[in-house]
Amino acid sequence: MIDLRETWRIGPVEVPTRLVLAPMAGVSVQAFRRQGRRYGAGLVCSEMVSCAGIEHRNEKTLGYLRVASDEHPLAIQLFGSEPAPMADAARMVEAVGADIVDVNFGCPVKKVTKTGAGAHLLADQDRACRIVHAIAGAVDVPVTVKLRRGVQNGSRAALELGPKLVESGAASLTLHPRSAQQMYTGTADHALTAELVSLVDVPVVASGDVTSRARAQTVLATTGAEAVMVGRGAQGNPWALREIVDGETTEPTREEVAAELVLFVRETVRELGERRASGFLKKFYGWYLGRGRFPKEFKQELLRLDSSEEVERRLLAAAPGAFEIVERLEAEVPSGAELTLELPVSIYGGG
């Protein structure tokens, strides 16, 4: 049996467990990443950050560059289609404290691919390699790449591109072996992951359909990958990470669920500000409170409330024992100890 608490390395960066928390658009805010670290993720990743947004100093984009002291090691993921702006963005990502610059060559969403970024670069391998080469030459931290198998169903483009990316300077590759055309349907073909592992001499992270400890063990054993990446399974469910890493199968109590959600709400409001956080948080209520943990009507009630304070009050009223857990959690996790760009706090969208 593979020990998921075993350390591994991406260049000089030591990763304390074999579980990586995936970068997910509209999900991977700092509160999500910090929670992931507490529950066993060895490496956490920001959601993908537009290098054009960084170049134009877009306020919302710069907000993604907030780095907390307790989320290291942290990868900040960039997407773009031009080598020079990507290299400039990578320098800024390194300056704010990221341990790794990750490059997205896998996002299948049209608004990303139509700009020549994301999964589009699986079909433009020369440009993909030039981007990685430019970034690797611009920063001292390791550069990693997340890619899909290819654009079309059945594509094996990743097996051709992967070794070229390593030659260009990639210190690790993450493969989600679905095509961009598949989006999130069907199953991840980890036979392809095993082939990629055999072709490169850098660590490979296996992404896709890792939802349990048994599945993580199987994927690691059959592919030779260094680590597994977990994404949608951790949404509103950090206990899934603990189960994968430690085999801890105890279901959380209602008090524990409510406490983690209260802390998540507080940290998200601190990061995004009340106005942006209120809309952002709505999807998390269903993720946390589902799985039979709370009645459906309760989630609907939270969605109708106007402020995060009201949400917190209702959660603590529904699970009074959560208050003590929240106090303990807040005493254990650092607050406000952040490394950020030397810009006004307002630039990050928070208070």
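Heads up: the structure comes first, above all this text.
Computed from a predicted model, the values in this text were never measured in an experiment.

Student: Residue-level account of the packing of aromatic side chains, with values.
Tutor: Across all of its chains, the model carries six aromatic pairs by this definition. With a centroid separation of 4.6 Å and 40° between ring planes, the pair formed by F264 and F284 is classed as tilted. With a gap of 20 residues between them, F264 in helix α11 (residues 254-272) and F284 in helix α12 (residues 274-289) connect regions that are remote in the sequence. In this pair, the class of F264 matches that of F284, namely buried. Ring geometry for F284 versus W287: centroids 4.9 Å apart, planes at 80°, classification edge-to-face. Of this pair, F284 and W287 are both found in helix α12, three residues apart, which corresponds to roughly one turn of the helix.

Student: Residue-level account of the pattern of salt bridges, with values.
Tutor: A full pass over the atoms with the stated rule returns 20 salt bridges. For R130, the salt bridge is made with D126, and the minimal N-O distance between the two is 3.1 Å. Of the two residues, R130 and D126 both sit in helix α6 (residues 125-138), four residues apart, roughly one turn of that helix. Residue R130 is classed as partly exposed on the basis of its relative accessible area, which comes to 39%. The salt bridge involving R149 is made with D189; its shortest N-O contact spans 3.4 Å. Pair noted here: R149 is in strand β9 (residues 143-150) and D189 is in the loop between β10 (172-179) and α8 (190-199), with a separation of 40 residues, a long-range link. Within the structure, one salt-bridge network assembled from shared partners comprises E6, R18 and E226.

Student: Lay out the pairing of strand β8 (residues 100-105) with the relevant residues and their values.
Tutor: For β8, the buried fraction is high: six of the six residues fall into the buried class. Judged by which residues are buried, β8 turns out to be covered on both faces: I100, D102 and N104 on one side and V101, V103 and F105 on the other are all buried. Tracing the backbone out of strand β7 (residues 74-79), into helix α4 (residues 83-95) and back to the parallel element β8 gives a crossover that is right-handed. Here β8 runs beside β9; their pairing, made up of five bridges, is parallel. Note on β9: the bridge partner recorded for V103 is V145.

The rules we used
Residues numbered from 1 in each chain as written. Predicted model: local features only at pLDDT ≥ 70, side-chain atom pairs only at ≥ 80, totals over all residues. Heavy atoms only, no water. Phe/Tyr/Trp six-rings, centres within 6.5 Å; stacked < 30°, edge-to-face > 60°. Helix = DSSP H or I, 4+ residues; strand = E, 2+ residues; numbered from the N terminus. Buried < 20%, exposed > 50% of the residue type's maximum accessible area, 1.4 Å probe, protein only. Salt bridge = Lys/Arg side-chain N within 4 Å of Asp/Glu carboxyl O. Right-handed = clockwise from strand over helix to strand, strands pointing away. Pairing = 2+ DSSP bridges.

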